[in-house]
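# A structural walkthrough
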Amino acid sequence: LCLSVYAWGYNNSGQVGSGSTANQPTPRRVSSCLQNKVVVNIACGQLCSMAVLDNGETYGWGYNCNGQLGLGNNGNQQTPCRIAALQGINIIQVACGYAHTLALTDEGFVYSWGANSYGQLGTGNKSNQAVPTLINMDKERMVEVAACHTSHTSVAKTQSGQVLMWGQCRGQAVAYPHLTHFTSTDDVFACFATPAVTWHLLSVDGDDYLTVAQSLKREFDSPEISDLRFLVDGKCIHVHKALLKIRCEHFRALLNETDEETIEIHQFSFLVYRAFLEYLYTDTINLPPEDAIGLLDLSTYYRESRLKRLCQETIKRGITEENAITLLSAAVKYEAQDLEEFCFKFCVNHLTAVTQTQAFAEMDHDLLKNFISKASRYGAFKN
């Protein structure tokens, strides 16, 4: 498998990665260090380019006078160079501002480097950094970073959906991550970047009209007009039969066979079952990764394939060294192959820390045997 990067256009600093500074009028594959590699994420600043590989390595090339390539120097690079300072750190996303770079790790940490005249590195000062520097996020796990090549603004989104921003804010300098009222990283650039920019629709309608989706979400677990209750762990969840029949084959069959107004559920916990019913109303789930395992079990049992994919994505975003083995075990148990591969690679990339956890010590014998065998083939035990 090989996922290549192509670049073209203005090339005065080597940002096209062709090995020269000649402009490139047509798409050209970026080779050099990226030859035969799997690139999973790319970003570009005003005059530099970045790429992330499937193994977490990060490469940069182009203009570097502010240290935005993270190489520890200020020399321009005409071909991709690996950021050695991130050795052993698994990066999953990069974002580039005008002359600075943000990187998100698979554990939810954020690193920054490059220009810092507006505090866009989030370090509390305005000193440029030529090597990646960890930003203090008060132990919050980040799931997304964002920047824009026209601005000196940085943005990150937490696992709980909060959006933080720092850097240039309408001409002011914000040197530490600051909590905003936004729910989307895009909206920060639409409102505070200079110049303002957005590539998604920005809603400015102030009326109180509710869409169909908003109305359904509001009526979930509302006893006022519900016609069915689920009793789980002694607690009630109020729903509507018609909606359940429309949204779920399981309920269509079940509710055509019964006129009961209350149905008791014993197989799943209240938290998991409520999240499942709420998903039928909203198309979203909001659970920590450990609880999403139970929802993954339910989605497998009810054959809800889309819900199963959402659970897998939630678990991926919440994986840590402490829970990686638990999540891997769940992925194997519920035959979630994509999630299993993701958890396995995370465990291999953090092998030392993962093998010291209590979950690893209590790992099922057959699973442990298979894990060691697969990790060996993956090259995890090479000197």
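What you see is a predicted model, and the numbers here were worked out from it, not measured in a lab.

## Thoughts on the UniProt feature "repeat: RCC" (unreviewed entry) in the protein chain
UniProt tags residues 3-55, 56-107 and 108-159 as "repeat: RCC" (unreviewed entry). Regarding residues 108-159, the helix share stands at 0% and the strand share at 44%, and the terminal C-alpha atoms are separated by 8 Å.

## Considerations on the nonpolar core
The tendency in soluble globular proteins is for nonpolar side chains to be buried as a group. Judged by nonpolar contacts, the single largest core of 57 residues is most densely connected at F230, L244, F251, Y273, F276, L277 and L295. Top element by residues in this core is helix α5 (residues 270-282). It accounts for 9 residues. Setting aside residues no more than four positions away along its own chain, F230 makes contact with K235, C236, I237, V239, L244, F251, I263, I265, Y273 and L277. Core analysis: the next-biggest nonpolar cluster, separate from the first, contains 13 residues, V52, L69, L86 and A103 among them.

## Observations concerning the pattern of salt bridges
Overall, the coordinates contain 7 salt bridges when judged by the stated rule. For R274, the salt bridge identified is with E278, shortest N-O distance 3.7 Å. Here R274 and its partner E278 are both found in helix α5, 4 residues apart, which amounts to about one turn of the helix. The class of R274 is partly exposed, set by a relative accessible area of 26%. Connected via shared salt-bridge partners are D221, R274 and E278.

## Here's the deal with the packing of aromatic side chains
Per the counting criterion, the structure on display carries 16 aromatic pairs. Both rings, one in F344 and one in F371, keep their centres 5.7 Å apart while their planes meet at 75°; by these two values the pair is edge-to-face. Taken together, the positions of F344 in helix α9 (residues 337-349) and F371 in helix α12 (residues 365-377) put the pair 27 residues apart, joining distant regions of the chain. On the basis of relative accessible area, F344 is assigned to the buried category, the value being 2%. Measuring from ring centre to ring centre gives 6.3 Å for F360 and F371, while their planes differ by 75°; the resulting arrangement is edge-to-face. One end of the pair, F360, is in helix α11 (residues 358-361); the other, F371, is in helix α12, and 11 residues separate them in sequence. Chaining the aromatic ring pairs together yields one cluster made of F230, F251, F268, Y273, F276, Y301 and Y302. Just above the ring of F344 sits the side chain of K374; from NZ or CZ to the centre is 4.5 Å.

## Remarks on the environment of G97
Following the sequence through the fold, G97 ends up in the loop between β7 (91-96) and β8 (100-105). The spacing of G97 and A115 is 18 residues in sequence and 9.2 Å in space, taken between C-alpha atoms. When neighbours within four sequence positions are excluded, G97 is seen to be in contact with G45, Q46, A147, C148, H149 and S151.

## Considerations on the pairing of strand β12 (residues 153-158)
Here β12 lies mainly inside the structure; 5 of its 6 residues are buried. In the sheet, strand β11 (residues 142-147) pairs with β12 via 5 bridges, with the strands oriented antiparallel. Bridging from a neighbouring strand, M142 pairs with T158 of β12. Here β11 folds back onto β12, and the loop between the two strands holds 5 residues. Bridge count for β12 against strand β13 (residues 163-169) is 5 bridges, and the pairing is antiparallel. Opposite K157, over in β13, you have V163 as the bridge partner. Remark: 4 residues form the turn of the hairpin made by β12 and β13, two consecutive strands paired antiparallel; G161 in that turn has positive phi of roughly 95°.

## Quick look at a negative patch on the surface
On the surface, D227, D259, E260 and E261 cluster together into a patch of negative charge. Mapped onto the secondary structure, E261 falls in the loop between α4 (249-255) and β17 (262-265). What makes E261 exposed here is its relative accessible area of 57%.

## Considering the packing of helix α8 (residues 324-333) against α9
Packing of α8 against α9 leaves a shortest axis separation of 8 Å and a crossing angle of 155°. Between α8 and α9, the angle is such that the two are roughly antiparallel. You can see that α8 and α9 cross each other, and the crossing is left-handed. Residues A324, I325, L327, L328, A331 and V332 of α8 lie in contact with α9, whose contacting residues are L339, E340, C343, F344, F346 and C347.

## Focus on the sheet that holds strand β9 (residues 110-114)
The antiparallel open sheet is built from 4 strands, whose spatial order is β7-β8-β9-β10. Strands at the two margins of the open sheet, each flanked by one partner only, are β7 and β10 (129-134). Adjacent strand axes in the sheet meet at a mean angle of 20° when their direction is disregarded. Note that β9 and β10 share 3 bridges and pair antiparallel. Within β10, the residue paired with S112 across the bridge is T133.

## So, the sheet that holds β13
Across the sheet, which stays open at both edges, the 4 strands sit in the order β11-β12-β13-β14 with antiparallel pairing between neighbours. With partners counted over all chains shown, the strands left at the sheet margins are β11 and β14 (172-179), one partner each. Within the sheet, the average angular offset between the axes of one strand and its neighbour, ignoring direction, is 10°.

Rules of the game
- Residues numbered from 1 in each chain as written.
- Predicted model: local features only at pLDDT ≥ 70, side-chain atom pairs only at ≥ 80, totals over all residues.
- Heavy atoms only, no water.
- UniProt positions renumbered as here; feature names shortened; annotations may be inferred.
- Helix = DSSP H or I, 4+ residues; strand = E, 2+ residues; numbered from the N terminus.
- Core = buried A, V, L, I, M, F, W, Y, C linked by side-chain atoms within 4.5 Å.
- Buried < 20%, exposed > 50% of the residue type's maximum accessible area, 1.4 Å probe, protein only.
- Contact = heavy atoms within 4.5 Å.
- Salt bridge = Lys/Arg side-chain N within 4 Å of Asp/Glu carboxyl O.
- Phe/Tyr/Trp six-rings, centres within 6.5 Å; stacked < 30°, edge-to-face > 60°.
- Lys NZ or Arg CZ within 6 Å of the ring centre and 35° of its normal.
- Pairing = 2+ DSSP bridges.
- Patch = residues over 30% accessible without salt bridge, like charges linked within 9 Å, V, L, I, M, F, W, Y side chains within 5 Å.
- Areas by Shrake-Rupley, 256 points an atom, 1.4 Å probe, with all protein chains shown as cover.
- Lys, Arg positive; Asp, Glu negative; His and termini not counted.
- Charge placed at Lys NZ, Arg CZ, Asp CG, Glu CD.
- Axes fitted to C-alpha atoms, helices over the stretch in contact; angles between N-to-C directions.
- Parallel < 35°, antiparallel > 145°, perpendicular 65-115°, else oblique.
- Left-handed = near helix turned anticlockwise from the far one by under 90°.

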